[in-house]
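Listed here are the chains, written in short residue letters.
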Amino acid sequence: MKHRFGTMVAGIVAAASLAGFVAGAQAQQDPLAVVEARKTELKKAGDAMKAAAGFVRDGRGTAADVQAAAATIDAVAKAFPGWWPEGTAAGLGKSEAKPGIWTNPDDFKAKTTAFQTEAAAFVVAAAGGDKAAIGDQVGKLGGSCKACHDAYRE
Ligand code: HEC
């Protein structure tokens, strides 16, 4: 018993230092890697939107597919605020981020919050399984993507 407890403590200590290492690695991540990573995540949201629109318009896939798409978009929306350090505007790598993100931070934040609200509502609509409600929410969510892209994406 004593021995097992020791092993458990060792495991917890190892996990804690690993978490510290990961957090440190993120803080030091170079701007180019930040751009690449956020593009990869946003592409997942784009693919999920296509899947949801395909369900609504053409009856492609199942309600479970829409639920998975909603979970993907919701995860992107939640992580989104951490992806915009200064120094990652267009001009760096393949970034298409307009400088307004950093000169109009309040508006960018408001558009981010709207996105998060619509993404959370989409999770609820997807869980309900009603096609008309899902279609309605896909429209609202898409509007929140477009509002930001029109202002802040090249
Ligand atoms: C608050 C602002 C904002 C919201 C909301 C937003 N985006 Fe974006 N999105 C951006 C910006 C800025 C870029 C450009 C990022 C870059 O190039 O580094 C981008 C890029 C993208 C890309 C291109 C990724 C690539 O491969 O280059 C896709 C796809 C995308 N967004 C999908 C979505 C979808 C789908 C939604 C809604 C469900 C959404 N975005 C909501 C700001 C936003």
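Residues numbered from 1 in each chain as written. Predicted model: local features only at pLDDT ≥ 70, side-chain atom pairs only at ≥ 80, totals over all residues. Heavy atoms only, no water.

This paragraph deals with helix H2 (residues 31-58). Counted at 1.5 Å a residue, the expected span for H2 with its 28 residues is 40 Å, and the 40 Å between its end C-alpha atoms agrees. Of the residues making up H2, those classed as buried are Val34, Val35, Arg38, Ala45, Ala48, Met49, Ala52, Ala53, Gly54 and Phe55. Tucked into the core, H2 has its buried residues touching helix H3 (63-79), helix H5 (105-128) and helix H6 (131-152). (Helix = DSSP H or I, 4+ residues; strand = E, 2+ residues; numbered from the N terminus. Expected span 1.5 Å × (residues − 1). Buried < 20%, exposed > 50% of the residue type's maximum accessible area, 1.4 Å probe, protein only. Contact = heavy atoms within 4.5 Å.)

Moving on, we come to the packing of aromatic side chains. Counted under the stated rule, the structure contains six aromatic pairs. Ring geometry for Phe80 and Phe108: centres 5.9 Å apart, planes at 35 degrees, overall tilted. Here Phe80, found in the loop between H3 and helix H4 (100-103), pairs with Phe108, found in helix H5; they are 28 residues apart in sequence, far enough to count as distant. Judged on exposure class, the residue Phe80 and its partner Phe108 are both buried. Seen in terms of ring centroids, Phe80 and Phe115 are 5.7 Å apart; in terms of plane orientation they differ by 80 degrees. Their pairing is edge-to-face. A residue pair is termed long-range when its members are at least 10 positions apart, and Phe80 in the loop between H3 and H4 and Phe115 in helix H5 qualify at 35 residues. Each member of the pair Phe80 and Phe115 is classed as buried. Every member of this aromatic cluster is reached through a ring pair, and the members are Phe80, Trp83, Trp84, Phe108, Phe115 and Tyr152. A cation over an aromatic ring shows up here: Lys131 above the ring of Phe55, its NZ or CZ 5.2 Å from the ring centre. (Phe/Tyr/Trp six-rings, centres within 6.5 Å; stacked < 30°, edge-to-face > 60°. Lys NZ or Arg CZ within 6 Å of the ring centre and 35° of its normal.)

These figures come from the coordinates and say nothing about function on their own.
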